[in-house]
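Fold and geometry: a report
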Amino acid sequence: RGWEQQAVVYLPWLEKALQQDQDDLEFCKNLEQQLEAFRPIHQELVKARDLRREEEQERLEKKAEQERLRREKEEAERFRQESLRRQTDQDTGMVWNPTTREYQTLNTEESWRDH
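In what follows, the accompanying structure is described. (Residues numbered from 1 in each chain as written. Predicted model: local features only at pLDDT ≥ 70, side-chain atom pairs only at ≥ 80, totals over all residues. Heavy atoms only, no water.)

1. A few points about the overall build of the protein
For the record, the criterion: Helical segments are the DSSP runs of H or I of at least four residues, strand segments are the runs of E of at least two, and each set is numbered from the N terminus. To sort residues, take the accessible area from a 1.4 Å probe on protein chains only and compare it with the maximum for the residue type: under 20% means buried, over 50% means exposed, and anything in between is partly exposed.
Scanning the protein from terminus to terminus reveals one helix and two strands. Helices and strands in the protein line up, N terminus first, as α-β-β. Counting across all 115 residues of the protein, residues that qualify as buried make up 3%.

Written as structure tokens, this is what we have:
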């Protein structure tokens, strides 16, 4: 009989725990219904996200390729200018003027002060 009296003390606590379990089960059922309703939309969103990622990756690759081509073109132009400058400097006595971006004859004659 002592056990029964002790069990009665725990009865309100057990009832509250049982009610909490019922609330948790109801919450889980509602959440499961919401997830099921979201499933078709989720598949479309995943497809859209993947498409955006692919487009962004293609855009970045295209930009990187354009930058690489631009650098190669600039390097080729620098190489061409340098080789022309060396050739012109050696052959004709002309020097490259970077300010005017053209070759100019090197005046080795008398100075203007001598006149």
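Additional details are given in the paragraphs that follow.
2. Quick notes on the pattern of salt bridges
For clarity, the cut-off: For salt bridges, the criterion is a side-chain nitrogen of Lys or Arg within 4 Å of an Asp or Glu carboxyl oxygen.
Taken as a whole, this structure holds eleven salt bridges when the rule is applied. Arg-68 is paired through a salt bridge with Glu-65; the nearest N and O atoms lie 2.3 Å apart. Of this pair, Arg-68 and Glu-65 are both found in helix H1 (residues 2-92), three residues apart, which corresponds to roughly one turn of the helix. Owing to a relative accessible area of 34%, Glu-65 belongs among the partly exposed residues under this scheme. Here the salt bridges do not stand alone but share partners, grouping Glu-67, Arg-70, Arg-71 and Glu-74 into one network.

3. Considering a negative patch on the surface
This is how the line gets drawn: Without a salt bridge and with relative accessible area above 30%, a residue can belong to a patch; like charges are then joined within 9 Å and nonpolar side chains (Val, Leu, Ile, Met, Phe, Trp, Tyr) within 5 Å. Note on areas: Shrake-Rupley with a 1.4 Å probe; residue coverage comes only from the protein chains shown. Positive charges are assigned to Lys and Arg, negative charges to Asp and Glu, while His and the chain termini are left out of the count. Charge placement uses NZ in Lys and CZ in Arg. For Asp and Glu, CG and CD serve respectively.
Where like charges cluster on the molecular surface, the negative patch consists of Asp-21, Asp-23, Asp-24 and Glu-26. With respect to the helices, strands and loops of the structure, Asp-21 is situated in helix H1. The exposure class assigned to Asp-21 is partly exposed, which follows from its relative accessible area of 43%.

4. Points about the side chain of Gln-81
We count it as follows: The contact criterion used is simple: two residues touch if any of their non-hydrogen atoms lie within 4.5 Å.
Tracing the chain through its elements places Gln-81 in helix H1. Residue contacts for Gln-81: discarding those within four places in its chain leaves Trp-96 and Tyr-103.

5. Quick look at the pairing of strand E1 (residues 94-97)
Operational definition: DSSP bridges decide pairing: two strands pair if at least two such bridges lie between them.
The pairing of E1 with strand E2 (residues 102-105) spans four bridges and is classified as antiparallel. Across the sheet, Asn-97 pairs through a bridge with Glu-102, a residue of E2. Connecting the antiparallel pair E1 and E2 is a turn made up of four residues, with Arg-101 showing a positive phi of about 55°.

6. Details of a nonpolar patch on the surface
Taken together, the side chains of Val-9, Tyr-10, Leu-11, Trp-13 and Leu-14 make up a nonpolar region of the molecular surface, amounting to roughly 590 Å² of accessible area. Within the secondary structure layout, Trp-13 lies in helix H1. Take Trp-13: its relative accessible area is 59%, and that puts it in the exposed class.

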